[in-house]
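Descriptive structure summary
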Amino acid sequence: APFWVSVGLSLIAAIVLCFAPEDPTTSSMNVNLKWMTQIVKAPLLLLASGVGIILYFATTATVLGFTPVLAERLGATRTELGLLTAAALLSCGIATLFAPRLIRLLGLRAALLTGLAVVMLAILATPFVPSIGLLALLQVVGGSGRGLLLPMLMDLAIQAVAAHKRAPAMGIFQAAYAFGMFIGPLTSGIVADLMGLDAVFYLCGGLCLIGLVSAFLATAHPELRRALGTREGSALESKA
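Everything numeric here is computed off the predicted structure, so don't read it as measured data. (Residues numbered from 1 in each chain as written. Predicted model: local features only at pLDDT ≥ 70, side-chain atom pairs only at ≥ 80, totals over all residues. Heavy atoms only, no water.)

1. Some details on the pattern of salt bridges
The following threshold applies: In the sections that follow, a salt bridge refers to a side-chain nitrogen of Lys or Arg positioned within 4 Å of a carboxyl oxygen of Asp or Glu. Per the convention used, a helix needs a DSSP run of H or I reaching at least four residues, while a strand needs a run of E reaching at least two, with both numbered from the N terminus. Between buried and exposed lies partly exposed: a residue is buried under 20% and exposed over 50% of the maximum accessible area for its type, with that area taken using a 1.4 Å probe on protein chains only.
For the structure shown, the criterion picks out one salt bridge. Residue Arg73 pairs with Asp198 through a salt bridge whose shortest N-O separation is 3.1 Å. Note that Arg73 is positioned in helix H3 (residues 43-73) and Asp198 in helix H8 (residues 197-218), a separation of 125 residues in sequence. Taking the relative accessible area as the measure of exposure, Arg73 reaches 52% and is therefore exposed.

Okay, structure coming up:
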């Protein structure tokens, strides 16, 4: 039944999209390797892409992968499995709504590090939970961290370059996190077979820790700090 419901919702979405207007301001551009290389080298885009790979690796390996398996080990029913995933996705969506305010309050660098730390702690704590209730709480906590990170990463990716280069920049960012979505379940499946279910969460939490330390060191670099400061200033001016 869930699959048939998904088919119906997809058809409704397809019909709605048929009435979506095309952007009349778009125009074709000549793309070459040198031009794309310049975009790829943008510091903020590299930062967003690197964090995006780790974030989606961890998300697809846990929330959309082995967290339901762990829940079944704890005795979760099919309804509870659905509620666990819904808790993770709903908390992510709600956090996304409040992300701009939190970013303005904390600053871009602090918000980035906070989001990574929250996701990391939620993942590392998951193998130790004794009940479905605590597992659901961790899903909410981790989802909130992802909700803080996702809009920020997308924003950094497109703000990393000039306006006429933003479409390719977003494509590069999406390709990067799509790699994380692909390699996450593949790698975690192998790890689960070889080392057990808990090892998947240690792997993903460890990667988040590496991402946290790397982001901390990268954002301490003067060039990237200037870029973050410029981006933060532009955001505040837009808000004003």
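2. Focus: the nonpolar core
Note the following rule: Only buried residues count toward a nonpolar core, which is a set of Ala, Val, Leu, Ile, Met, Phe, Trp, Tyr and Cys residues joined through side-chain atoms within 4.5 Å. In this description, contact between two residues means that some pair of their heavy atoms is separated by no more than 4.5 Å.
Grouped together as the largest cluster of nonpolar side chains are 57 residues, with contacts concentrated most on Leu45, Leu112, Met152 and Phe173. Secondary structure elements with two or more residues in this core: helix H2 (33-40), H3, helix H4 (78-106), helix H5 (108-125), helix H6 (132-159), helix H7 (166-195) and H8. The biggest single contributor to this core is H3, with 14 residues. The residues contacting Phe173, other than those within four sequence positions of it, are Leu45, Ala48, Ser49, Gly52, Leu153, Met154 and Ala157.

3. Observations regarding empty space enclosed by the protein
Quick reminder of the rule: As defined here, a cavity is a set of points on a 1 Å grid over the protein atoms alone where a 1.4 Å probe fits but cannot get out. A pocket is an open set with protein on both sides within 12 Å along at least five of seven lines, and residues line them when an atom is within 4 Å of a point. Grid points are joined across faces, edges and corners, and a volume is the space filled by probe spheres set on the points. Here the nonpolar group is Ala, Val, Leu, Ile, Met, Phe, Trp, Tyr, Cys and Pro; Asp, Glu, Lys and Arg are the charged ones; every other residue, Gly included, is treated as polar.
Here the structure, examined in full by the defined rule, presents one cavity of 30 Å³ or more. The space that makes up the largest cavity amounts to roughly 100 Å³. What lines the largest cavity is a set of 13 residues, among which Val63, Ala122, Ile123, Thr126 and Gln139 lie closest to the centre. Secondary-structure elements contributing two or more residues to the lining of the largest cavity are H3, H5 and H6. Per-element tally for the lining of the largest cavity: the top contributor is H6, with five residues. Taken together, the residues that form the lining of the largest cavity break down as seven nonpolar, five polar and one charged.

4. Quick notes on the state of the cysteines
Using the following cut-off: Here, a disulfide means two cysteine sulfur atoms that sit within 2.5 Å of each other.
Per the counting criterion, the structure on display carries zero disulfides. Left without a disulfide partner, Cys204 is nearest to the cysteine sulfur of Cys208, which lies 7.0 Å away. Judged by its relative accessible area of 0%, Cys204 is buried.

5. Overview of the confidence of the model for the protein chain
Counted only if it meets this: Scored between 0 and 100, pLDDT is the confidence that the predictor attaches to each residue.
Overall, the predicted model of the protein chain reaches an average pLDDT of 88, with 90% of residues at or above 70. Counting contacts from residues 233-240, a segment whose pLDDT is below 50, to residues more than four positions away or on other chains yields two contacts.

6. What to know about the packing of H3 against H8
Note the following rule: Interaxial angles span 0 to 180 degrees and are taken between N-to-C directions of axes, which are lines fitted to C-alpha atoms, for helices over the stretch in contact. For classification purposes, an angle smaller than 35 degrees is called roughly parallel, one larger than 145 roughly antiparallel, one from 65 to 115 roughly perpendicular, and anything else oblique. Note on convention: the crossing is left-handed when the near helix lies turned anticlockwise from the far helix by less than a right angle, right-handed when the turn is clockwise.
Contact geometry of H3 with H8 gives a least axis separation of 9 Å together with a crossing angle of 160°. One element, H3, and the other, H8, form an angle in the roughly antiparallel class. For H3 against H8, the interelement crossing comes out left-handed. Note on element contacts: H8 touches H3 through Leu197, Asp198, Val200, Phe201, Leu203, Cys204, Leu207, Cys208, Gly211 and Ala215, opposite Leu47, Ile54, Phe57, Ala58, Ala61, Thr62, Phe66, Thr67, Val69, Leu70 and Arg73. A breakdown of the residues in the contact of H3 with H8 according to their chemical character gives 16 nonpolar, three polar and two charged.

7. With respect to the packing of H3 against H6
As a packed pair, H3 and H6 sit with axes 10 Å apart at the nearest point and diverge in direction by 160°. Between H3 and H6, the angle is such that the two are roughly antiparallel. By crossing handedness, the relation of H3 to H6 is classed as left-handed. Of the residues assigned to the contact of H3 with H6, the class counts are 17 nonpolar, four polar and one charged.

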